[in-house]
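Understanding the architecture of this molecule
What follows is the residue order along each chain.
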Amino acid sequence: MRRISYVDAINEALHQKLAADERVILIGQGVTSPWYVGNTTVGLADKFGSERVIDTPVSESGTTGVAIGAALAGLRPVLLFPRMDFMYYALDQIANHASNWRYMFGGQNNIPLTIWGIINRGGEQAAQHSQALQAIFAHFPGLKVVMPGNPYDAKGLLTASIEDDNPVVFIDDRWLYQNMGEVPKELYTTPIGKGAVLRTGKDITLAATSYMVTEALKAAECLERENIDVEIIDLRSIKPLDESLLFNSAKKTGRMVIVDGGWKTCGVSAEISALVAEMAFNHLRAPIIRVALPDAPAPASQILEEAYYPRADNIAEAIRESLKNYS
Amino acid sequence: MSDSKEILLKLYTDMVKIRLFEEKVAELLEKRAIKCPVHLYTGQESIAVGVCAHLKREDYVFSTHRSHGHFLAKGGGIKKLMAELYCKEEGCSKGRGGSMHLADAGMGLPGSSAIVGGTIPIAVGAALAFKTRKIDNVSVVFFGDGATNEGVFYESLNLAALMKLPVVFVCENNLYSTHMHISSCLADTHIYKKAEASGLAGIKIDGNDVLKVFKAAGEAVSAARNGKGPALIECMTYRWRGHVGPNYDIDKGLRDKKELQHWMEQCPIIKIEKILFERDYISETEKSDIHIRVDEEIEEAIKFADEARSPNPDELMVNVFKEGQL
């Protein structure tokens, strides 16, 4: 099959959805400026015009409200945040309004809205240009949260988010943007709420999100040389979680390491850990281990960044730890 | 639209309906028949009615925590409204919203928010959709003077003006943001001036004069509908009751009794009644008939709400998502 980059997969999904459904619009900062959003929006403004590809000033709260209102009046907006760090400005609109709207009015109307947040970190960008906020959004009752880990799911999950009748937070990581992968030309969806087993194994389950899947795969390759057989789950959806996939794998291997690119405390890894403990306690042979960001703001210094972001080595170490002490 | 007899009588009847409804709700609150927090609209009726008289069913109205008046003026069902105040399943929001969260989607009422200023950008977004879809609907958002202290108000004015959207911002300046007088909130209390600074038309009017509201709203709605962009109307008014509940906030020492009396003399309903009598558009008997009809409608709504089903706890999770729960 054709191989394209993650960036091109996103770009293709947007081109195809805007062409297929006139209700779809793209709104947010930098949508007409390719460098701003890592070339994901190349060609959209030229093809679909400024009425459907709307570049906005830095007014995150206002723009988010605008996208919600447009969704209430018949459009299916894709709302873009080039950096998740700026989404705090939009939290009231996302958490109080988009998330609650359907329930609060007895199901009278839907908010078919894709809230696309980009994790843009590394390169000494420091604390306010680095954040991965999946845990915060997964906390709000009326939101779905998805995080692709490869080009195929980037296109499939973005398409699924746009086609969903609920607000969906679609989070991607720029560290994935140059990854290559097989991507069908035609439109398709990756179902929301379904994870994928990327590698079957019998010794331990490694559940990872987004870019951390890439590091997890590297760790598994390295451990293969030590005769450790790792099963890798790409969660793909943070909410809803694929509970049965997690349960079945935990039941099979009896061990679990969870890898997430957000903070550890009250993070996605904490939630999955609690869930697996609730569901599969009797099958576990060792404590669940979380590999996540330390509870510190992102530093600028490259040396500190290397210590801050977990990599394949840290994951491999966690796996060895899980296997070492418990039989 | 002219201020013909027919229109004036319609404005009057709608105002009376809101007034009698709200005063009945105050009684029901005192009796604890209604328990959810309620923010009464008494004294401000002319604004909702004067604006909504220009709207068609497909136009959208967004509202606030003080939303009963907007709901009724836009044509929301009175029975569904009362049942929602009782938090019943037959309420407009199925007892999940209460007084602050009213919607009647089929009547162009997509919802009201209790977060001050929260629906202002949402109304701008509905206007964006109308423009993008090339339909000549207008989006209207009501909000109080307090909301103009929120940053999103300014973002919304700018975005609406920048994109020249069919939205009308109606500020109901009732001088109080919960307990706080406007002079303690805003360095410049002329809210209409914020419009000019944001690149759209702004006007300040006597909000208790329904004919002035009707005229100003008519111009703004028609301009918006004809692609001439947004406008801000600042309507000076006063809420008779306190911020929340049936009391007057005099007891709490938050307001002066003289001030309340002054504004009660500016009653928007008495103002329009005077005009109706002066122009000989109404007789005492006709006036009394209107009140009786409205009273009957409200009593029916109370009976409906009282007898309506309560929500079923088994359905707690319904409607979190379109497909129910995940």
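Rules and cut-offs
- Residues numbered from 1 in each chain as written.
- Chains lettered and ligands numbered in written order.
- Predicted model: local features only at pLDDT ≥ 70, side-chain atom pairs only at ≥ 80, totals over all residues.
- Helix = DSSP H or I, 4+ residues; strand = E, 2+ residues; numbered from the N terminus.
- Rg over C-alpha atoms; globule rule 2.2 N^0.38 Å.
- Buried ≥ 20, exposed ≤ 12 C-beta atoms within 10 Å, placed from the backbone.
- Contact = placed C-beta atoms within 7 Å.
- Right-handed = clockwise from strand over helix to strand, strands pointing away.
- Pairing = 2+ DSSP bridges.
- Axes fitted to C-alpha atoms, helices over the stretch in contact; angles between N-to-C directions.
- Core = buried A, V, L, I, M, F, W, Y, C linked by C-beta atoms within 7 Å.
- Domains from an automatic or database assignment.
- Nonpolar A, V, L, I, M, F, W, Y, C, P; charged D, E, K, R; others polar.
- Parallel < 35°, antiparallel > 145°, perpendicular 65-115°, else oblique.
- Left-handed = near helix turned anticlockwise from the far one by under 90°.
- Expected span 1.5 Å × (residues − 1).

In this section: the overall build of chain A. Broken down by element type, chain A carries twelve helices and 14 strands. For chain A, the C-alpha radius of gyration of 19 Å lies close to 20 Å, the compact-globule estimate for 327 residues. Dimensions along the principal axes, computed over C-alpha positions, put chain A at roughly 60 × 45 × 40 Å. Taken across its 327 residues, chain A has 56% of its residues classed as buried. In chain A, once contacts between residues fewer than 6 apart in sequence are set aside, the share between residues at least 24 apart is 81%.

The subject of this paragraph is the overall build of chain B. The helix and strand tally for chain B stands at twelve helices and eight strands. Taken over C-alpha atoms, the radius of gyration comes to 19 Å for chain B, in line with the 20 Å a tight globule of 326 residues would show. Each principal axis of the C-alpha atoms in chain B carries an extent, and together these give about 60 × 50 × 40 Å. For chain B, the proportion of its 326 residues judged to be buried stands at 52%. In chain B, 73% of the contacts between residues at least 6 apart in sequence involve partners at least 24 apart.

Our focus in this paragraph is the pairing of strand 4 (residues 167–173) of chain B. Residue and element names in this part refer to chain B. Counting buried residues in strand 4 gives seven out of seven residues, a clear majority hidden from the surface. Here strand 4 shows two buried faces, one formed by Val167, Phe169, Cys171 and Asn173 and the other by Val168, Val170 and Glu172. For the crossover from strand 3 (residues 139–144) across helix 6 (residues 151–162) to strand 4, the handedness is right-handed.

This next bit is on the sheet that holds strand 11 (residues 230–234) of chain A. Residues and elements named next belong to chain A. The strand order across the open sheet formed by five strands is 9-11-10-13-14, and the pairing between neighbours is mixed. Looking at strand neighbours, the two that pair on one side only are strand 9 (196–199) and strand 14 (289–293), the edges of this open sheet. When the angles between neighbouring strand axes are averaged without regard to direction, this sheet yields 25°. Sitting on the sheet, helix 10 (residues 268–280) touches strand 10 (204–208), strand 13 (256–263) and strand 14, and the angle it makes with strand 13 is about 150°.

Counting residues in each nonpolar core, the largest one holds 193 residues, and the members touching the most others are A:Leu206, A:Ala216, A:Val257, B:Ala123, B:Val168 and B:Val170. B:Val170 has contacts with B:Ile47, B:Val51, B:Val140, B:Val141, B:Phe142, B:Ile233 and B:Cys235, leaving out every residue within four places of it along the chain.

With that settled, the discussion passes to the domain arrangement of chain A. All names here are of chain A. On domain assignment, one finds that chain A holds domain 1 (3–182) and domain 2 (196–325). A C-alpha centroid distance of 26 Å is found between domain 1 and domain 2. Contacts between the two partners involve 25 residues from domain 1, matched on the other side by 23 residues from domain 2. Mapped onto the side of domain 1 that touches domain 2, the elements with two or more residues apiece are helix 6 (134–139), strand 6 (144–146), helix 7 (151–163) and strand 7 (168–173). Among the residues making up the side of domain 1 that touches domain 2, the classes are represented as 15 nonpolar, five polar and five charged.

Another point: the interface of chain A and chain B. Each side of the interface is counted separately: chain A has 35 residues, and chain B has 36 residues. Those elements giving two or more residues to the side of chain A that touches chain B turn out to be helix 3 (60–72), helix 4 (91–98) and helix 5 (101–104) of chain A. With nine residues, the single largest contributor to the side of chain A that touches chain B is helix 3 of chain A. When its residues are assigned to classes, the side of chain A that touches chain B shows 14 nonpolar, 17 polar and four charged.

This part covers the packing of helix 1 (residues 5–30) of chain B against helix 11 (residues 268–278) of chain B. Residues and elements named next belong to chain B. Interhelical geometry of helix 1 versus helix 11 gives an angle of 150° and a closest axis separation of 10 Å. Judged by the angle between their axes, helix 1 and helix 11 are roughly antiparallel. Handedness of the crossing formed by helix 1 with helix 11: left-handed. Across from Leu8, Leu11, Tyr12, Met15, Val16 and Arg19 in helix 1, the residues of helix 11 making contact are Pro268, Ile269, Ile272 and Leu276.

Residues and elements named next belong to chain B. Along the polypeptide, Leu40 turns up in the loop between helix 1 and helix 2 (45–52). Look at Leu40 and you get buried, because 26 C-beta atoms sit within 10 Å. Along the sequence, Leu40 and Ser99 sit 59 residues apart, while their C-alpha atoms lie 9.6 Å from each other. With residues near it in sequence (within four places) discarded, Leu40 still touches Glu22, Val25, Ala26 and Arg241.

All right, on to the sheet that holds strand 2 (residues 111–112) of chain B then. All names here are of chain B. In spatial order, the strands read 2-1-3-4-8-7; together these six strands make up an open sheet with parallel pairing. Unpaired on one side and paired on the other, strand 2 and strand 7 (201–206) mark the two borders of the sheet. In the sheet, strand 1 (residues 60–63) pairs with strand 2 via two bridges, with the strands oriented parallel. Residue pairing for strand 2: Ser63 is matched across the bridge by Ser112. Helix-sheet contacts for helix 5 (residues 120–132) involve strand 1, strand 3 and strand 4, and the interaxial angle to strand 3 is about 170°. Strand contacts of helix 9 (residues 210–225): strand 4, strand 7 and strand 8 (231–236), with the helix running at about 170° to strand 8, the strand carrying the most contacts.

Attention now moves to helix 9 of chain B. Residues and elements named next belong to chain B. Relative to the 22 Å expected for 16 residues at 1.5 Å per residue, helix 9 spans 21 Å between its end C-alpha atoms, a close match to the ideal helical length. Among all positions of helix 9, only Val210, Val213, Phe214, Ala216, Ala217, Ala220, Val221 and Ala224 are buried. Close packing links the buried residues of helix 9 with helix 1, helix 2, strand 4, strand 7, strand 8 and helix 11. Note on helix 9: the residue one or two positions beyond its end, Gly227, has a positive phi of about 80°.

A few words now on unusual backbone geometry. That bond from A:Lys239 to A:Pro240 is cis: its omega, 0°, falls within 30 degrees of zero. Turning to its location among the elements, A:Pro240 is positioned in the loop between strand 12 (237–239) and helix 9 (243–253). Despite not being glycine, B:Lys134 shows a phi value in the positive range, around 55°. Summarising the element assignment, B:Lys134 is placed in the loop between helix 5 and strand 3. By the C-beta count within 10 Å, which is 7 here, B:Lys134 ends up exposed.

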